[in-house]
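Residue strings, one per chain:
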Amino acid sequence: VRPLPSRRSIEAQVEALSKAIESGSPVESAANTLAATLLAPVTELPSHRRLVVGPDGALHAVPFELLPGANGEPLIHSHVVSYAPSG
């Protein structure tokens, strides 16, 4: 369990990523920002190949495979990403 910033902050980052994807704009900046918020605190991530995400709220719209991991590459290149329903 890791503490996260406020819901409002995360929702703003998700919205920025969603707008970039929908408009066909480059997504790197928005994806990097969201990854820094959600993935960087998970120090165990580089040592595991599987990531199970239980998104809640606005996070349902996030393609976690697109977010960069510790090596800067999108997770789809280094991890199997699975989704589980949130509680």
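Residues numbered from 1 in each chain as written. Predicted model: local features only at pLDDT ≥ 70, side-chain atom pairs only at ≥ 80, totals over all residues. Heavy atoms only, no water.

A.B. asks: Got a minute to help me understand helix α1 (residues 7–23) in this structure?
C.D. replies: Spanning 17 residues, α1 covers 24 Å between terminal C-alpha atoms, matching the ideal 24 Å at 1.5 Å per step. Taken as a whole, α1 has its buried residues at Ile10, Gln13, Val14, Leu17, Ser18 and Ala20. Mapping the buried residues of α1 onto a view down its axis gives an arc of 160°, with all of them on the same face. Turned more than 90 degrees away from the buried face of α1 sit Arg8, Lys19, Glu22 and Ser23, all of them exposed. In the core, the buried residues of α1 are packed alongside α2 (28–38). One or two positions beyond α1, positive phi appears at glycine 24, with a value near 80°. (Helix = DSSP H or I, 4+ residues; strand = E, 2+ residues; numbered from the N terminus. Expected span 1.5 Å × (residues − 1). Buried < 20%, exposed > 50% of the residue type's maximum accessible area, 1.4 Å probe, protein only. Arc of directions from axis to C-beta. Contact = heavy atoms within 4.5 Å.)

A.B. asks: Quick question: what am I supposed to make of the nonpolar core here?
C.D. replies: Considering soluble globular proteins, one finds that nonpolar side chains tend to be buried as a cluster. Judged by nonpolar contacts, the single largest core of 20 residues is most densely connected at Leu17, Leu34, Leu39, Val62, Phe64 and Leu67. Of all the secondary structure elements, the ones that give two or more residues to this core are α1, α2 and β1 (50–53). Of all the elements, α2 adds the most residues to this core, at 5 residues. (Core = buried A, V, L, I, M, F, W, Y, C linked by side-chain atoms within 4.5 Å.)

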